[in-house]
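# Secondary and tertiary structure notes
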Amino acid sequence: MKTKYIELRTRNTFGSIIDNYFTFLKYNFKDYINLYLRYNALSVIFVLLSSYLLVTGFMGLASRDFRFGMGSDETETQLYLGFGAILLVLIYFITALINYSFSSSYITQYVKTQGNQTSKNIWDSIKDNIGNIFLFILLGILIYIGYFVISLVLAFIPVVGTLVQYAISFILSTMFGIAFMAIFSNELSTVEALKEGWDFSINNFLKVIGYSFVIGFLNMMIMTLILAIPGFLLSIYIYFSAESNIDIVTSNFASILFTISFAVFLLTLIFSQALSQLAYGVLFYNLHEEKYNTYLQSKIDLIGKDE
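Figured I'd write up the structure that's included with this text. Here the structure is a predicted model, which means the values were calculated and not measured.

## Overview of the overall build of the chain
Scanning the chain for helices and strands turns up 10 helices and zero strands. The linear arrangement of helices and strands in the chain, starting from the amino end, is α-α-α-α-α-α-α-α-α-α. Taken over the C-alpha atoms alone, the chain extends approximately 80 × 50 × 35 Å along its principal axes. When burial is assessed residue by residue, the chain has 44% of its 307 residues classed as buried. Long-range pairs, those at least 24 residues apart, make up 78% of the contacts in the chain between residues at least 6 apart in sequence. In the form shown here, the chain has an accessible surface area of approximately 16300 Å², with 70% of it arising from carbon and sulfur atoms. If you average the places of the 17 positive and of the 20 negative side-chain charges in the chain, the two averages end up 7 Å apart.

Given below as structure tokens:
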């Protein structure tokens, strides 16, 4: 066994579920991050490329002249911005799909193998569910279009509309997270998984809302700490550049620094999605045990056999 195993299929209080999540990260973060980087190596490269295109295009547009060795046509600037934006959207979508699948498969294999998960069984699990994953994404897009329409209506209702909008957002996030887990853990079809995610979310409304808010807030703090270093360095550079009258928008060094900083921001945002899905995985096993009582019953059955 690579790390200390934390049993997630237990009935816990609200605070204990959150504690289990961070305990799980404590014991498995190194193994998780190693596999995460392996699965996202290409994503990192393409995020850097899209960041370069966006930053270069934006700085070129801001300066209205090109001193980056790329020509002087403003149309070219817009092409950099356009290609960068399209590439970023595609990479963000594909990477989110990979990370939701990877995190769900990781925690599922963690439970099934009691902490002996490997890259092979994680990848095999993803391949076995690839059809359900794509169907899930298509249905998810349709559901979020409906959510967008409802949000537009709620925007006209002061205070109450905002609160309801946040509640729906938390419910949908949890429903999708739990449904994704149901596909991998219980081998359910997409429709069955969405139904189970909806049932778990609605029947545990207050727990789901509270858990999503707390985990979202704590994950945001973690991401803020990660972004603090490039943010601090960027602020120092901008300050001294202003003091020295350096033209930032025409500086090659500034272009590189902004590209790296923006890429770090995007990669951190993407990584936060993966961590959130791990959190929903911990919640899934708790809610599943509360409803079905399968793990406790299996332990009781073992006692009967031993006797």
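## Regarding the nonpolar core
With 62 residues, the main nonpolar core has Y21, Y32, Y211 and L278 as its most contacted residues. It is helix α9 (residues 252–292) that provides the largest number of residues to this core, a total of 14 residues. Look past the residues within four positions of L278 in its chain and what remains in contact with it is Y21, F24, L25, Y32, S103, Y106 and I107. Residues M59, L234, Y237 and I248 belong to the second largest nonpolar core, which totals seven residues.

## So, the side chain of S50
Take S50: it is sitting in helix α2 (residues 41–63). Residues in contact with S50, not counting those within four places in the same chain, are G84, L87 and L88.

## Some words on a nonpolar patch on the surface
Residues I86, L90, F93, I94, L135, L138, I141, L142, I145, F148, V149 and L152 make up a contiguous nonpolar surface patch of about 1100 Å² in total accessible area. For the nonpolar patch, the secondary-structure elements that each account for two or more residues are α3 (74–112) and α5 (130–154). Broken down by element, the nonpolar patch gets its largest block of residues, eight residues, from α5. Looking at the element boundaries, V149 is found in helix α5. The class of V149 is partly exposed, set by a relative accessible area of 47%.

## Considering the environment of K120
With respect to the secondary-structure elements, K120 resides in helix α4 (residues 119–128). Under the relative-accessibility criterion, K120 is labelled exposed at 59%. Sequence separation between K120 and Y92 is 28 residues, and the spatial gap between their C-alpha atoms is 24 Å.

What counts, and at which threshold
Residues numbered from 1 in each chain as written. Predicted model: local features only at pLDDT ≥ 70, side-chain atom pairs only at ≥ 80, totals over all residues. Heavy atoms only, no water. Helix = DSSP H or I, 4+ residues; strand = E, 2+ residues; numbered from the N terminus. Buried < 20%, exposed > 50% of the residue type's maximum accessible area, 1.4 Å probe, protein only. Contact = heavy atoms within 4.5 Å. Areas by Shrake-Rupley, 256 points an atom, 1.4 Å probe, with all protein chains shown as cover. Lys, Arg positive; Asp, Glu negative; His and termini not counted. Charge placed at Lys NZ, Arg CZ, Asp CG, Glu CD. Core = buried A, V, L, I, M, F, W, Y, C linked by side-chain atoms within 4.5 Å. Patch = residues over 30% accessible without salt bridge, like charges linked within 9 Å, V, L, I, M, F, W, Y side chains within 5 Å. Salt bridge = Lys/Arg side-chain N within 4 Å of Asp/Glu carboxyl O.

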